[in-house]
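# A structural walkthrough
One letter stands for each residue in the lines below.
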Amino acid sequence: MNTLVSAKNVTKIYNKNQVLGLNKVSFDIQSGEFVGIMGASGSGKTTLLNILSTIDTPTDGEILIDGVDIKTLNDNQSADFRKDHLGFIFQEYFLLDSLSVKENIAVPLTLLHKSPEEIDSTINYLAKRFGIFEQLSKYPSQLSGGQKQRVAAARAIAKQPSILFADEPTGALDSHSATELLQKLREVNEELHTTILMVTHDAYAASFSSRILLFKDGNIIKELKRNNQTRKQFFEEILKEISK
Amino acid sequence: MVGLLTIAKKNLKNNFSFYSFYFVSVAFVLTVFFSFISFSMNSIVLEKISSDGRVETMSRVVVMFVMAFVLFYMSYSNTFFMKKRTKELGIYSLLGYRKSTMVKLLTLENILICFAALIVGIILGAVAHKGIVGAIVKLLKLQIETSEIPFININAVVFTFIFIFAILAVLLLSNWIILRKSSLLMLVRLDKKEEKQIKINTAFSFIGLLLILFGYFLALDMTRGTQSLWKTIGFSPIALVTMISVVLGTIFFIHSFLPFAIQKLKMRKSWFYNESNIIIIPNFIFKIRSMAKTLILLTLLVSGTLALLGSTVLTLYHPVVATERIIPSAIEFPVEDKQLATEAIKIAEGTAGKENVKHKKTTIIYITSPSNNLPQEYSIKEEPGFDLISESDYKELIRNQGKNVEFENLSENESILVKYRPDKKKLDKGNIYTLNLTPTNSVDIKVKDTTLLNPIGFANSVGTLIISDKLYKEVKSFGLPEKTIISINGTNMRESKEVYENLAPLFKNNNYFSSSYQKVDFLIQQNSSTFLLISFVTIIFFIATGSILYFQNLSNAMSKKDEFTILQRMGYNKKKVKKIISKEVFAIFSIPYVLGLAHSIFAVITYKTALMDDLLGKNSAFILPILFAVIVFTLVYIIYYLLTKQACNKIIFNSK
Ligand SMILES: Nc1ncnc2c1ncn2[C@@H]1O[C@H](COP(=O)(O)OP(=O)(O)OP(=O)(O)O)[C@@H](O)[C@H]1O
Ligand SMILES: [Mg+2]
């Protein structure tokens, strides 16, 4: 396995003489991993995700994704980088309201100039996989929260990104829909070998990952590995760790 | 609670770029308003340019029009701002502000803006008024001491103030009604009203298309002349049907046909699966119903503006060009007194220099004909008949006028008929007319061709028949009634004011004395006040169209700001987002433009055919003025497009 993301001493200062957003954070992510990031509110999870996904820039430190030093990218290059390499899922879904489900999933593919036939077949495959095939011609306002999030996930995965970033993807979902989405994400990780970096508050959600980075005040304070445990065992371990 | 004035001031400051357009547009509207009111109250100028009260009546109508527009414009933009701010108002309401307090806040803001705009409007309006008066005085060469006209007309100021306060009162009332009707929940959510997915009715969409085409067909039918429905059924009913058909057609077209057509376009996957189209097309279909009313209003405004401008320019331009036929020579008069004629030529030569003057004496012979296939020209005049002119006289005159003769030499029994109105089919060609030399003696003559190049003005000769010199000599020997005409031409003679002014006193009460300079000058004098008033109306139409487009697009951009953020996260770079924005703005701009342009062209064709006497038969005399109107309109439209695009980009890219 090769290293997909490598972060060294990444620091983010929002305002001088205030708490650091990130304080010299270093870690590596291997290709094909499913990594969870946990931490209390305000601990810097979203900040890290935004920086990794080139939406925000670090004050200091070095980040390589797929061998690209993202600090050197200008606006256009970082947009292209997101287009070619990154997928996103957000807590608020961020679907385009005026586009149908099908069109929403098609957007990143058109951005890559795929042929209409390829776009249609990819959409059909993913829609079946995420259980939203019946919903393809509906519009976001006609979907439930869980369905919306699965559409967002399908849209993020459609272009087969090098890495998929998810910020609290289950935050707005009930436990049933959350489980369904997490299972899909794990399937995608295992079967399509998509690397996933998922931010979450929730120990249950985190237990679907294979490794967890625990954040506090802009630092990684602990790393948990699932190794050969079952999901349940891993869940217990996480619970124990965060109640400390 | 924070003081109202503080909130109002803060609000204006925070939303500066937003309000600045509102402010600028209101100031602009008030500038136009004030300058027009000043003009309509300017008795010194009005007295001079209008002898029969026509201008006063017209300006009264235009004042009503301008007032109605200002009221419409202010309430349109007020409602727009209200809607944009419902969320903010909802928050105030949550915080415990009363509705009456909010109305006070809104009114306070309105007063601040209107008052500032009023001051700017009065100053700029006064300057504009001064400019207009200066231009009129210069153009019409009026004898007015411009310094006697006050820079700011106090009556106009008072009137403007009262009017604006009346409008503010109306706005206050309407805001109060809107707020009172709305519940707290509505206030918090109103600004993001769910837009329903539309159902497209195929029948309606085709009805729209057909109605428009039917209207166009009726408009074109006018050109069929006497056989057209406009003549056989009547002008007013057909005009009404055409109008209703086009307006209804526009409504259905925008409401149903456009979404239908775009829906169909979506089927073309290779076109639709494109990084910008996949965003723009669904957005457009999504928005079209809520925008339909605005787009329809805009289309009608654009048609109105263009038709008004086009027909006005045409009405002014066409007669000026037609002068070339009505008075083909620079100066022309019948010889009634030989001495007077000699003196006139001397004066002309003395004024312009002998070498610059070409004068020609032509004698035409009146003759009647018993034929029954006579051309229309034969009977136009008081006593029906032909005016015979010899071929060599004709050719010399035409050359003096700087034109080329269109035909070869005539043989003895051939003639060329000079037409009054253009006749593309040349129906008279080949006809044979019998000319009465004496009650018992006659000669037959064949019309070899017809021409539009009349050698003599229509005041002096209609139904002119050009015949060979030989025949002319023969006819002359019969001693039929004659008329001798002197035509003066030469370098720059047509524009020469001096020659006309020096000759005019000799022919004081002579209706047959005609001067091309005088005719053009008269046309300009006659029409300039009309043109001025129409210009006011056109400018107001321009502002209305542009501002509505601006507001509509801005409101779209604001509601889609989040979507563009998502797109950027997905990897759309700034350039691609800008491209999408500009295409969306372009689409909204182009619908009223294209439809309005088409409507107005058909309207102008109808207008031209119905009301204008076309003597020229040249398309350029028709196309040039319309082209001018279209170009002016298009330029203004493009400026609005660029401004709007820029404002939308600002909204999308300025993170706040
Ligand atoms: N744009 C910003 N400007 C200034 N400070 C910010 C900004 N964004 C985040 N912060 C600060 O940085 C710190 C980390 O914020 P971040 O959003 O990364 O937390 P988080 O771990 O995602 O929290 P949550 O779980 O609530 O989403 C916080 O103290 C926050 O106040
Ligand atoms: Mg967060």
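Here, every reference points to the structure presented above.
Residues numbered from 1 in each chain as written. Chains lettered and ligands numbered in written order. Predicted model: local features only at pLDDT ≥ 70, side-chain atom pairs only at ≥ 80, totals over all residues. Heavy atoms only, no water.

## What to know about the overall build of chain A
Let me state the cut-off plainly: For helices the rule is a DSSP run of H or I covering at least 4 residues; for strands it is a run of E covering at least 2, with both sets numbered from the N terminus onward. We take the radius of gyration over the C-alpha atoms and set the globule estimate at 2.2 Å times the residue count to the 0.38 power. The rule is simple: take the accessible area with a 1.4 Å probe, protein chains only, and divide by the maximum for that residue type; under 20% is buried, over 50% is exposed, in between is partly exposed. In this description, contact between two residues means that some pair of their heavy atoms is separated by no more than 4.5 Å. To be clear on the numbers: accessible area is Shrake-Rupley with a 1.4 Å probe, and residue cover counts the displayed protein chains and nothing else. For the purpose of charge, His is not counted, nor are the chain termini; Lys and Arg are scored as positive and Asp and Glu as negative. By convention, charge coordinates are those of NZ in Lys, CZ in Arg, CG in Asp, or CD in Glu.
The secondary structure content of chain A amounts to eight helices and ten strands. What you see for chain A is a C-alpha radius of gyration of 18 Å, in line with the 18 Å of a compact globule of 244 residues. Over its C-alpha atoms, taken along the principal directions, chain A stretches across nearly 50 × 45 × 35 Å. A total of 244 residues make up chain A; the buried ones form 55% of that total. Across chain A, every contact between residues at least 6 apart in sequence was considered, and the portion connecting residues at least 24 apart equals 68%. By element, 45% of the accessible surface of chain A is carried by carbon and sulfur atoms, the whole surface being about 10,600 Å². Charged side chains of chain A number 28 positive and 30 negative; the gap between the two group centres comes to 3 Å.

## Side note on the side chain of B:Thr160
Residue and element names in this part refer to chain B. For the record, the criterion: Any pair of N or O atoms that falls within 3.5 Å is considered a polar contact. Within protein, one atom must be able to donate a hydrogen and the other to accept it, and sequence-neighbouring residues count only if both atoms are side-chain atoms.
Looking at the secondary structure, you find Thr-160 in helix 7 (residues 154-181). Using a relative accessible area of 1% as the deciding quantity, one classes Thr-160 as buried. Among the polar contacts listed, one links the side chain of Thr-160 to the backbone oxygen of Ala-156, at a separation of 2.6 Å.

## Looking at a nonpolar patch on the surface
Residues and elements named next belong to chain B. Filter applied, for reference: In this scheme, patches are assembled from residues that exceed 30% relative accessible area and form no salt bridge. Like charges are connected within 9 Å, while nonpolar side chains (Val, Leu, Ile, Met, Phe, Trp, Tyr) are connected within 5 Å. Between Lys or Arg on one side and Asp or Glu on the other, a salt bridge is scored when a side-chain nitrogen of the former is within 4 Å of a carboxyl oxygen of the latter.
Residues Ile-111, Phe-115, Ile-119, Ile-123, Val-127, Phe-151, Ile-152, Ile-154, Val-158 and Ile-162 make up a contiguous nonpolar surface patch of roughly 870 Å² in combined accessible area. Those elements giving two or more residues to the nonpolar patch turn out to be helix 6 (99-140) and helix 7. Top element by residues in the nonpolar patch is helix 6. It accounts for five residues. In this structure, Ile-152 sits in the loop between helix 6 and helix 7. Owing to a relative accessible area of 31%, Ile-152 belongs among the partly exposed residues under this scheme.

## Considering the packing of aromatic side chains
Going by this rule: Here a pair means two rings of Phe, Tyr or Trp (six-membered ring of Trp) with centres within 6.5 Å. Their orientation is stacked below 30 degrees between planes, edge-to-face above 60, and tilted elsewhere. Charge-over-ring contacts are defined here by two conditions on Lys NZ or Arg CZ: a distance within 6 Å of the ring centre and an angle within 35 degrees of the ring normal.
Summed over the entire model, instances satisfying the criterion amount to 37 aromatic pairs over all chains. Measuring from ring centre to ring centre gives 6.3 Å for B:Phe115 and B:Phe161, while their planes differ by 75 degrees; the resulting arrangement is edge-to-face. Note that B:Phe115 is positioned in helix 6 and B:Phe161 in helix 7, a separation of 46 residues in sequence. Taken together through their ring pairs, the aromatic side chains of B:Phe542, B:Phe586, B:Phe589, B:Tyr593, B:Phe633, B:Tyr637 and B:Tyr641 make up a single cluster. Its guanidinium or amino end placed over the ring of A:Phe133, A:Lys128 lies 5.1 Å from that ring's centre, counting from NZ or CZ.

## Here's the deal with the environment of B:Ile164
All names here are of chain B. Considering the arrangement of structural elements, one finds Ile-164 in helix 7. Separated by 212 residues in the primary sequence, Ile-164 and Gln-376 have C-alpha atoms spaced 58 Å apart. Among residues more than four places away in sequence, those in contact with Ile-164 are Leu-30, Cys-114 and Leu-118.

## Re helix 19 (residues 516-559) of chain B
Residues and elements named next belong to chain B. Stated formally: One less than the residue count of a helix, multiplied by 1.5 Å, gives the span that helix is expected to have. At any given residue, the bend is defined as the angle formed between two axes, one fitted to the seven residues that end at that position and one fitted to the seven that begin there.
Taking 1.5 Å of rise per residue, the 44 residues of helix 19 would be expected to cover 64 Å, and the 61 Å separating its terminal C-alpha atoms lies within 8% of that figure. Residue Asn-527 marks the point of greatest curvature in helix 19, where the axis turns by about 40 degrees. Structurally, the start of helix 19 carries an N-cap: the backbone nitrogen of Tyr-517 is 3.3 Å from a side-chain oxygen of Ser-515.

## Re the interface of chain A and chain B
Selection rule: Two parts placed together each lose some accessible area under a 1.4 Å probe, and adding up what both lose gives the buried area. Think of it as three bins: nonpolar holds Ala, Val, Leu, Ile, Met, Phe, Trp, Tyr, Cys and Pro, charged holds Asp, Glu, Lys and Arg, and polar takes everything else, Gly as well.
Taken together, the contact between chain A and chain B spans 31 residues of the former and 25 residues of the latter. For the pair chain A and chain B, the summed buried area comes to about 2,500 Å², and 60% of that belongs to carbon and sulfur atoms. On the chain A side of the interface with chain B, the three residues burying the most area are A:Leu96, A:Ser98 and A:Leu111, jointly 22% of the side's total. Every element with two or more residues in the side of chain A that touches chain B is listed here: helix 2 (75-85), strand 6 (86-90), helix 3 (101-111) and helix 4 (116-129) of chain A. The biggest single contributor to the side of chain A that touches chain B is helix 3 of chain A, with seven residues. Across the side of chain A that touches chain B, the residue classes tally to 16 nonpolar, six polar and nine charged.

## Overview of the environment of A:Leu22
Residue and element names in this part refer to chain A. Summarising the element assignment, Leu-22 is placed in strand 2 (residues 22-30). Note: C-alpha distance between Leu-22 and Ser-141 (119 residues apart in sequence) is 36 Å. Setting aside chain neighbours within four positions, we find Leu-22 in contact with Val-10, Thr-11, Lys-12, Gly-44, Thr-47, Leu-48, Ile-51, Phe-215 and Gly-218.

## Description of the packing of helix 19 of chain B against helix 22 (residues 620-653) of chain B
All names here are of chain B. Here is the rule we go by: A fitted line through C-alpha atoms represents every axis, and for helices the fit uses only the stretch in contact; the resulting angles, taken between N-to-C directions, go from 0 to 180 degrees. Throughout, the term roughly parallel applies to angles under 35 degrees, roughly antiparallel to angles over 145, roughly perpendicular to angles from 65 to 115, and oblique to all others. Here a crossing is taken to be left-handed if its near helix is turned anticlockwise relative to the far helix by less than a right angle, and right-handed if that turn runs clockwise.
Taken N-terminus to C-terminus, the directions of helix 19 and helix 22 make an angle of 25 degrees; their axes are 9 Å apart at the nearest point. With respect to helix 22, the element helix 19 is oriented roughly parallel. Two packed elements cross with a definite hand, and for helix 19 against helix 22 that hand is right-handed. Residues Phe-542, Ile-543, Thr-545, Gly-546, Ser-547, Leu-549, Tyr-550, Asn-553, Leu-554, Ala-557 and Met-558 of helix 19 form the contact with helix 22, whose participating residues are Val-632, Phe-633, Val-636, Tyr-637, Tyr-640, Leu-643, Thr-644, Ala-647, Cys-648, Ile-651 and Ile-652. Considering only residue class, the contact of helix 19 with helix 22 consists of 17 nonpolar, five polar and no charged.

## Points about the sheet that holds strand 9 (residues 211-216) of chain A
Residue and element names in this part refer to chain A. Let me state the cut-off plainly: Two strands form a pair only when DSSP identifies at least two bridges running between them.
If you walk across this open sheet you meet the six strands as 6-7-8-3-9-10, and the pairing is mixed. Each edge of the open sheet carries a strand with a single partner, namely strand 6 and strand 10 (219-225). The mean angle between the axes of side-by-side strands here comes to 20 degrees, regardless of whether they run parallel or antiparallel. Strands strand 6 and strand 7 (163-167) of the sheet are contacted by helix 2, whose axis makes an angle of about 85 degrees with strand 6.

## Some points on the pairing of strand 3 (residues 34-39) of chain A
Residues and elements named next belong to chain A. In terms of burial, strand 3 is a largely internal element, six of the six residues being buried. Here strand 3 shows a buried face lined by Phe-34, Gly-36 and Met-38 and a second buried face lined by Val-35, Ile-37 and Gly-39. As judged from the four bridges shared by strand 3 and strand 8 (residues 195-199), these two strands associate in the parallel manner. For Gly-36, the partnering residue across the bridge sits in strand 8 and is Met-198. In the sheet, strand 3 pairs with strand 9 via five bridges, with the strands oriented parallel.

## Description of the site of ligand 1
Residues and elements named next belong to chain A. Put simply, the test is: In these notes, residues near a molecule or strand are those with any non-hydrogen atom within 4 Å of it.
Close to ligand 1 lie Tyr-14, Gly-21, Ala-40, Ser-41, Gly-42, Ser-43, Gly-44, Lys-45, Thr-46, Thr-47 and His-201, which account for all nearby residues. Between Tyr-14 and ligand 1, the recorded distance is 3.4 Å, taken from a side-chain N or O atom to a nitrogen atom. Between Ser-41 and ligand 1, the recorded distance is 2.5 Å, taken from a side-chain N or O atom to an oxygen atom. Contact with the protein chains removes 59% of the 630 Å² of surface that ligand 1 exposes when unbound. Split by residue class, the shell around ligand 1 holds two nonpolar, eight polar and one charged.

## Here we look at the pattern of salt bridges
Within the structure shown, the criterion is met by 21 salt bridges over all chains. As a salt-bridge pair, A:Lys102 and A:Asp120 come within 3.6 Å of each other at their nearest N and O atoms. You can see A:Lys102 sitting in helix 3 and its partner A:Asp120 sitting in helix 4, a full 18 residues away along the chain. On the basis of relative accessible area, A:Lys102 is assigned to the partly exposed category, the value being 25%. Among the residues examined, A:Asp120 registers a relative accessible area of 17% and is labelled buried. One salt bridge in this structure joins B:Glu275 and B:Lys576, with 3.9 Å as the shortest N-O distance.

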